[in-house]
Amino acid sequence: MEYDLVFEGGGAKGMVFVGAIYEFTRRGHTCGRLMGTSAGAIAATLTAAGYSAEEMLAALAEKDSEGNPVFSAFMGAPGNFPEEIISQGAFSRLLKQFDVPGLPEFIEQPIENLILKFFAEKSPANNVFSLVELGGWYSADKFLIWLKKKLDEGKFNGKPRSFSGMTMGEFQQATGKDLTLIAADTTGETMLVINHRTAPDCPVVWAVRMSMSIPLLWQEVIWQKEWGAYRGEDISGHAIVDGGVLSNFPIELFISNEATITAVMGDKTTDRVLGLLIDEKLPVPGAEAAAKTAKKGFEVGELHTVQRLSGLMNTVLGARDKAVISTFEDLVVRLPAKGYGTVEFDMSDERRNLLVDAGRQTMMRYLEGLQNPVDREPVEREPLSSTGVANKVAKRILME
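Rules used throughout
Residues numbered from 1 in each chain as written. Predicted model: local features only at pLDDT ≥ 70, side-chain atom pairs only at ≥ 80, totals over all residues. Heavy atoms only, no water. Helix = DSSP H or I, 4+ residues; strand = E, 2+ residues; numbered from the N terminus. Buried < 20%, exposed > 50% of the residue type's maximum accessible area, 1.4 Å probe, protein only. Polar contact = N/O pair within 3.5 Å; in protein donor to acceptor, adjacent residues only side chain to side chain. Contact = heavy atoms within 4.5 Å. Expected span 1.5 Å × (residues − 1). Arc of directions from axis to C-beta. Salt bridge = Lys/Arg side-chain N within 4 Å of Asp/Glu carboxyl O. 1 Å grid on protein atoms, 1.4 Å probe; cavity = no way out; pocket = protein on both sides within 12 Å on 5 of 7 lines; lining within 4 Å. Points joined across faces, edges and corners; volume = space filled by probe spheres on them. Nonpolar A, V, L, I, M, F, W, Y, C, P; charged D, E, K, R; others polar. Axes fitted to C-alpha atoms, helices over the stretch in contact; angles between N-to-C directions. Parallel < 35°, antiparallel > 145°, perpendicular 65-115°, else oblique. Left-handed = near helix turned anticlockwise from the far one by under 90°. Phe/Tyr/Trp six-rings, centres within 6.5 Å; stacked < 30°, edge-to-face > 60°.

Student: I'd love a proper account of the side chain of Thr-47, names of residues and values included.
Tutor: Mapped onto the fold, Thr-47 is located in helix α2 (residues 39-48). Residue classification places Thr-47 among the buried residues on the basis of a relative accessible area of 11%. Polar side-chain contacts of Thr-47 include one of 2.7 Å to the backbone oxygen of Ala-43. Excluding anything up to four places from it in sequence, Thr-47 contacts Phe-7, Cys-31, Leu-34 and Met-56.

Student: Any chance you could break down the environment of Lys-149 for me, citing the residues and the numbers?
Tutor: Here Lys-149 lies in helix α8 (residues 141-151). Spatially, the C-alpha atoms of Lys-149 and Arg-161 are 9.9 Å apart, while their sequence positions differ by 12 residues.

Student: Residues and numbers for helix α6 (residues 105-121), please.
Tutor: Its 17 residues give α6 an end-to-end C-alpha distance of 24 Å, which sits within 8% of 24 Å, the value for a rise of 1.5 Å per residue. Glu-108, Glu-112, Leu-116 and Ala-120 are the residues of α6 that are buried. Take α6 and look down its axis: the buried residues cluster within an arc of 105°, on one side only. In α6, the exposed residues that point more than 90 degrees away from the buried face are Phe-106 and Leu-114. Against α4 (83-88), α5 (90-96) and α7 (125-134) lie the buried residues of α6.

Student: For the environment of Asp-64, give the residues involved together with the corresponding values.
Tutor: As for its position among the elements, Asp-64 is in the loop between α3 (53-60) and α4. Side-chain polar atoms of Asp-64 contact the backbone nitrogen of Gly-67, separated by 3.0 Å.

Student: Kindly report on the pattern of salt bridges, identifying the contributing residues and their values.
Tutor: Under the counting rule described, the total for this entry stands at 19 salt bridges. Of the charged contacts in the structure, one is a salt bridge between Glu-368 and Arg-27, with a shortest N-O distance of 3.1 Å. Of the two residues, Glu-368 sits in helix α14 (residues 349-371) while Arg-27 sits in the loop between α1 (16-26) and β2 (30-37), which places them 341 residues apart along the sequence. Look at Glu-368 and you get partly exposed, because its relative accessible area is 33%. Among the salt bridges present, the one from Arg-351 reaches Glu-344, with a minimum N-O distance of 2.7 Å. Classification of Arg-351 as buried rests on a relative accessible area of 3%. Sharing partners across several salt bridges, the network here consists of Glu-23, Arg-26, Arg-27, Asp-357, Arg-360 and Glu-368.

Student: Let's hear about empty space enclosed by the protein: which residues, and what values?
Tutor: The full count for this structure, using the stated rule, is 2 cavities of 30 Å³ or more. By volume, the largest cavity is sized at about 320 Å³. Secondary structure elements with two or more residues in the lining of the largest cavity: α1, α2 and α3. Examining the composition of the lining of the largest cavity, we find that 4 residues originate from one element, α2, more than from any other. Across the lining of the largest cavity, the residue classes break down as 18 nonpolar, 3 polar and no charged. Roughly 30 Å³ of volume is contained in the second largest cavity. Along the walls of the second largest cavity sit Met-15, Leu-60, Pro-69, Phe-71, Phe-345, Met-347 and Arg-352, which together make up its complete lining. Across the lining of the second largest cavity, the residue classes break down as 6 nonpolar, no polar and 1 charged.

Student: Give a description of the packing of α1 against α14 that names residues and reports values.
Tutor: In contact at an axis separation of 6 Å, α1 and α14 are set at 40° when each is read in the N-to-C sense. Taken together, the axis directions place α1 and α14 in an arrangement best described as oblique. Crossing of α1 over α14 shows right-handed handedness. The residues of α14 that touch α1, namely those facing Val-16, Val-18, Gly-19, Ala-20, Tyr-22, Glu-23 and Phe-24, are Leu-355, Val-356, Gly-359, Arg-360, Met-363, Met-364 and Leu-367.

Student: Requested: an account of the packing of aromatic side chains, with residues and values cited.
Tutor: The full count for this structure, using the stated rule, is 15 aromatic pairs. Between Phe-74 and Phe-143, the aromatic rings sit 5.2 Å apart at their centres with planes inclined by 80°, giving edge-to-face as the arrangement. In this pair, Phe-74 sits in the loop between α3 and α4 while Phe-143 sits in helix α8, placing the two residues 69 residues apart along the sequence. A relative accessible area of 4% places Phe-74 in the buried class. Ring centres 4.8 Å apart and planes at 65° place the aromatic pair Phe-81 and Phe-129 in the edge-to-face group. Of this pair, Phe-81 sits in the loop between α3 and α4 while Phe-129 sits in helix α7, and the two are 48 residues apart along the sequence. Like Phe-81, the residue Phe-129 is buried in the burial classification. Members of the aromatic cluster, connected to one another through ring pairs, are Phe-71, Phe-74, Phe-143, Trp-146, Trp-218 and Phe-345.

And the structure:
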């Protein structure tokens with residue numbers, strides 16, 4: 001059977017998707033439209049690029065030259081800041097506010113330059129500089145390198161993949177897949193639903209990069225002029241971050257049949273929708289016995305300010321997404337991820353394998369429940385094709 005698939009965001013916990021997709025495809029099911037936020041954007045894009053579950057499993061097991069998980073490099077040290085940010089950014093303006101009495105300008109200016117150079121180049125000062133100037137503690141440069149490599153590895157329909165340089169429009173034409181990635185425009189204060197209809201000239205790799213840019217963790221992305229318009233509007237220069245800021249699980253966009261929504265999301269080819277939700281309350285069998293990888297130095301998540309903002313954002317987002325999830329609970333596969341960290345990219349092979357297997361087992365039980373519904377309570381609501389709840393929420397998030 002064909003299903004439209006929705007992948008939630010969740011950072012490193014998104015590895016659970018691989019096990020779920022493995023079981024989904026093993027049973028002969030196929031994907032229609034694909035939509036993802038943050039980590040879900042990565043899973044949705046690789047699925048659209050024709051990645052098999054086996055290829056995804058191989059990607060998860062990759063190691064660098066020192067034997068570390070390749071994903072641990074995603075939280076890379078920032079650097080190579082543009083000169084205009086160093087000389088004209090917030091740090092520079094702040095230093096200019098300090099006037100040391102009795103210190104001549106010709107001495108004060110070189111001192112300011114040395115301080116700026118220190119914060120822009122020396123670790124961990126450069127992390128602070130990156131957070132203040134670009135909105136993120138880490139650079140995601142190595143993630144972009146990895147994603148481009150993956151989009152050009154292996155074969156698609158018998159031919160070598162060569163998707164890394166494609167725009168959303170070109171990618172859709174090459175793959176035939178209807179891919180939507182969710183991001184948030186913090187300058188325009190609106191949700192971005194990026195696909196070949198809304199932003200055909202936006203590069204695929206940058207659409208993914210924007211969607212996974214967790215605020216305060218990774219540097220924000222600035223929309224470039226050459227990426228074209230978004231829904232006919234020029235948003236060049238706007239700061240774009242993780243789509244989870246506005247909705248981490250917008251399953252209603254696939255359910256709604258409103259003309260304003262289908263104009264953005266496309267016509268339905270199936271009435272079956274499946275949402276892959278990361279549930280941090282559900283335990284992963286065996287994970288408690290597998291010790292979490294020891295932390296390496298300071299993590300931005302240790303900052304109390306970050307923890308407060310994260311808690312506030314989760315509360316706001318949870319209230320919005322939960323209202324829809326509770327209505328369409330039978331369309332949601334709750335994948336366990338209790339005890340796993342959003343930035344635990346350096347998790348051990350044992351913990352990763354347990355997470356992947358938990359995803360596979362959960363999907364297996366869900367699909368078997370569809371085939372044998374005797375133990376499932378009947379769902380009483382409007383048909384998917386005319387549901388008022390989805391229409392109302394979908395229209396609201398597109399307008400915000």
